[in-house]
Each structure stands twice: as C-alpha cells, then as structure tokens.
Amino acid sequence: MGVTLEGQRKESIWVVMRRQRARRALVKKIMIRPKKSLEASRRPCRAIHRRVKTLKELVPNTKTSEGLDGLFRQTADYIMALEMKVRVMQTLVQVLSETNCV
C-alpha cells in the first residue's frame, strides 16, 4: 500500500480486484442457486407413484379411472368397513364368551 500526498492510503489495484471478485462470487452464490438435476426432481414423484400403486394393491376393487380423489374415498370407505368388521367380531366374542360361561 502506498501513501498519497493527502495522507490517505492507496490500495493496490490487485487488492481492489480481489475484493471485487470475492463480492461477485458471494452475490452469485446468494442469487443463483444450483439447479437440481432432472433425476433428483423426479424422485419425489416416483416415490408418490410407488405409494399410490401400493395403496391400489391393498384396497380391493379400486377403479383406475377415478383418479386419486376416488382412490382416497375408496380407501376411507374400506378402512371404515374394516373397523365395522372388527367391532362386529368383538361383539361376537363378547356374546359367545358370556354364553359359554353360563
């Protein structure tokens, strides 16, 4: 660093250029985010499709033409039907166990 006639410090051109380069790199890093690869952006989509396929396999009589909304309704109906079957079986067990004891 040199000193000018006014007594102020004079920075070398190389120091100034290095600072400017560092600022530009920082701005680029902040402003431009790295793009995700096409394959990485499809992974969540594939995972969702795999789960929907598994759900279709678990729920009987699913119609493919109804879409996701229909699939979710059928799934909810199926769960309610299973819950009802469990309640009926629990009631039967209670009734049969009471009659066997008497």
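Residues numbered from 1 in each chain as written. Predicted model: local features only at pLDDT ≥ 70, side-chain atom pairs only at ≥ 80, totals over all residues. Heavy atoms only, no water.

**A closer look at the overall build of the protein**
Phase 1: When you go through the protein residue by residue, the secondary structure sums to three helices and two strands.
Phase 2: In the protein, which comprises 102 residues, the share counted as buried stands at 7%.
Phase 3: Summed over its atoms, the accessible surface of the protein is roughly 9,900 Å², and 61% of this surface lies on carbon and sulfur atoms. (Helix = DSSP H or I, 4+ residues; strand = E, 2+ residues; numbered from the N terminus. Buried < 20%, exposed > 50% of the residue type's maximum accessible area, 1.4 Å probe, protein only. Areas by Shrake-Rupley, 256 points an atom, 1.4 Å probe, with all protein chains shown as cover.)

**Section: the pattern of salt bridges**
Close approach of charged atoms lets side chains of opposite charge pair.
Phase 1: Throughout the structure, instances matching the rule amount to one salt bridge.
Phase 2: A salt bridge links Asp 69 to Arg 73, with the shortest nitrogen-to-oxygen separation between them at 2.4 Å. Residue Asp 69 and its partner Arg 73 are both found in helix α3 (residues 67-101); the two are separated by four residues, about one turn of the helix.
Phase 3: Look at Asp 69 and you get partly exposed, because its relative accessible area is 46%. (Salt bridge = Lys/Arg side-chain N within 4 Å of Asp/Glu carboxyl O.)

**Side note on the confidence of the model for the protein**
Phase 1: Here the protein shows a mean pLDDT of 80. Residues at 70 or above account for 71%.
Phase 2: α3 holds the highest mean pLDDT among the elements of the protein, 91, whereas strand β1 (residues 2-3) holds the lowest, 52. (pLDDT = per-residue confidence, 0-100.)

**A look at the side chain of Gln 74**
Phase 1: By the secondary structure assignment, Gln 74 is in helix α3.
Phase 2: Note on Gln 74: relative accessible area 17%, which makes it buried.
Phase 3: Other than its neighbours up to four places away in sequence, Gln 74 contacts Val 59, Asn 61, Thr 62, Lys 63 and Glu 66. (Contact = heavy atoms within 4.5 Å.)

**Remarks on unusual backbone geometry**
Backbone phi values are negative for most residues with the exception of glycine, while trans is the configuration of most peptide bonds.
Phase 1: Of note in the backbone geometry, Asn 61 takes a positive phi value of approximately 60 degrees without being a glycine.
Phase 2: Looking at the element boundaries, Asn 61 is found in the loop between α2 (38-58) and α3.

**Topic: the side chain of Thr 75**
Phase 1: Position of Thr 75 among the secondary structure elements: in helix α3.
Phase 2: The exposure class of Thr 75 is buried, given its relative accessible area of 12%.
Phase 3: A distance of 2.7 Å separates a polar atom in the side chain of Thr 75 from the backbone oxygen of Leu 71.
Phase 4: The contact partners of Thr 75, leaving out residues within four places of it in the chain, are Leu 55 and Val 59. (Polar contact = N/O pair within 3.5 Å; in protein donor to acceptor, adjacent residues only side chain to side chain.)

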